Amino acid sequence: DGGITQSPKYLFRKEGQNVTLSCEQNLNHDAMYWYRQDPGQGLRLIYYSQIVNDFQKGDIAEGYSVSREKKESFPLTVTSAQKNPTAFYLCASSRDTGYEQYFGPGTRLTVT
Amino acid sequence: GQQLNQSPQSMFIQEGEDVSMNCTSSSIFNTWLWYKQDPGEGPVLLIALYKAGELTSNGRLTAQFGITRKDSFLNISASIPSDVGIYFCAGRRNQGGKLIFGQGTELSVKP
């Protein structure tokens, strides 16, 4: 079954710790994206990658880092520098950056 | 960054009623997408529009790419309880450009 998986569904961390969110796709898509969603708001782009070993900052990249070592995988690290990390994080992929994006189920991160 | 203006923010309707929502931008877009998000889940793509004036249906859902290329509309006919959720519009100004999302329309359907 083709799709995008994110794990875990819920994640709890103490303030000051880095945490890595997983995103895997088996759709053979070149482009992958990370978005942040806060209650009552739209999606804001954190980072995106058009191809393996390349990625670009989105609108709110500060306090986050990514890697794209494999086509299928685009992990996001929320660092201790992110001032307000508690949010719902969504990963998406598309055939290319000009095509429609498909989303994973999301990871809800809570930092206390 | 640029925002899309999506309205209404929320709607409370009776089962069986039709629903209309829209998205507007100050810039011309070449792509409009409509997504639905259930609580705690990722958005699911409903309809994609690529040409001004294009009208596309997906079951009871119909979306249109506005002639001015600055707006898009989504209609849901004969609503049912499972239509409940948040509907997002998203637009792109040029090929390869970033998707810009609206704030969402939260739909509640009373049986």
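For the structure, see preceding data.
Residues numbered from 1 in each chain as written. Chains lettered and ligands numbered in written order. Predicted model: local features only at pLDDT ≥ 70, side-chain atom pairs only at ≥ 80, totals over all residues. Heavy atoms only, no water.

Undergrad: Even after reading the chapter, I still don't get the pattern of salt bridges, so can you show me in this structure?
TA: Note on pairing: side chains with opposite charge can pair once their charged atoms come close. The tally for this structure, following the rule as stated, stands at seven salt bridges over all chains. The partner of B:Lys36 in a salt bridge is B:Asp38, with the nearest N and O atoms 3.2 Å apart. The network of salt bridges with common partners includes A:Arg36, A:Asp38 and A:Arg44. (Salt bridge = Lys/Arg side-chain N within 4 Å of Asp/Glu carboxyl O.)

Undergrad: Would you mind showing me how to read the interface of chain B and chain A here?
TA: Accessible area lost during the coming together of the parts is what is often quoted as the interface size. Taken together, the 19 residues of chain B in the interface contact 21 residues of chain A. Taken together, both faces of the contact between chain B and chain A bury some 1600 Å²; the carbon and sulfur share is 52%. Ranking the residues of chain B by area buried against chain A places B:Pro43, B:Lys98 and B:Phe101 at the top, with a combined share of 28%. The tally of links between chain B and chain A comes to two salt bridges. Among the salt bridges present, the one from B:Lys98 reaches A:Asp59, with a minimum N-O distance of 3.1 Å. One can count ten residue pairs in polar contact (both at pLDDT 80 or more) joining chain B with chain A. Of all the elements in the fold, those that place two or more residues in the side of chain B that touches chain A are β4 (31-37) and β9 (85-92) of chain B. (Contact = heavy atoms within 4.5 Å. Buried area = accessible area lost by both parts, 1.4 Å probe. Polar contact = N/O pair within 3.5 Å; in protein donor to acceptor, adjacent residues only side chain to side chain. Helix = DSSP H or I, 4+ residues; strand = E, 2+ residues; numbered from the N terminus.)

Undergrad: Help me understand empty space enclosed by the protein in this model?
TA: Remark: the empty space left among the atoms is shown by a probe the size of a water molecule rolled over them. For the structure on display, the rule yields one cavity of 30 Å³ or more. The space that makes up the largest cavity amounts to roughly 60 Å³. In this structure, the largest cavity is lined by A:Tyr33, A:Tyr35, A:Leu45, A:Tyr48, A:Thr97, A:Gln101, B:Gly96, B:Gly97, B:Lys98 and B:Leu99. When residues of the lining of the largest cavity are traced back to their parent elements, those giving at least two are β4 (31-37) and β5 (43-51) of chain A. (1 Å grid on protein atoms, 1.4 Å probe; cavity = no way out; pocket = protein on both sides within 12 Å on 5 of 7 lines; lining within 4 Å. Points joined across faces, edges and corners; volume = space filled by probe spheres on them.)

Undergrad: For this particular structure, what's the right way to read the packing of aromatic side chains?
TA: Ring pairs (aromatic) are described by centroid distance and by the angle formed between their planes. Taken as a whole and assessed by the stated rule, the structure comprises ten aromatic pairs over all chains. Each ring, one from B:Tyr35 and one from B:Phe101, has its centre 6.0 Å from the other, and the planes form 40°; the classification is tilted. With B:Tyr35 in strand β4 and B:Phe101 in strand β10 (residues 100-101), the pair connects residues that are 66 residues apart, well separated along the chain. Among the residues examined, B:Phe101 registers a relative accessible area of 4% and is labelled buried. Seen from the ring of A:Phe74, A:Arg68 lies directly overhead, with NZ or CZ sitting 6.0 Å from the centre. Here A:Arg95 stacks its cationic end above the ring of A:Tyr99, 4.0 Å away from the centre of that ring. (Phe/Tyr/Trp six-rings, centres within 6.5 Å; stacked < 30°, edge-to-face > 60°. Buried < 20%, exposed > 50% of the residue type's maximum accessible area, 1.4 Å probe, protein only. Lys NZ or Arg CZ within 6 Å of the ring centre and 35° of its normal.)

Undergrad: Sorry, what's going on with the sheet that holds strand β1 (residues 4-7) of chain A here?
TA: Strand pairing in a sheet relies on backbone hydrogen bonds. The paired strands run either parallel or antiparallel. Residue and element names in this part refer to chain A. Overall, antiparallel pairing links the four strands, which are arranged β1-β3-β8-β7 in an open sheet. Edge positions in the open sheet fall to β1 and β7 (64-66), since each of these has one partner strand only. Neighbour to neighbour, the strand axes of the sheet diverge by 20° on average, direction disregarded. Here β1 runs beside strand β3 (residues 19-25); their pairing, made up of four bridges, is antiparallel. Residue pairing across strands places Ile4 opposite Gln25, the latter belonging to β3. (Pairing = 2+ DSSP bridges. Axes fitted to C-alpha atoms, helices over the stretch in contact; angles between N-to-C directions.)

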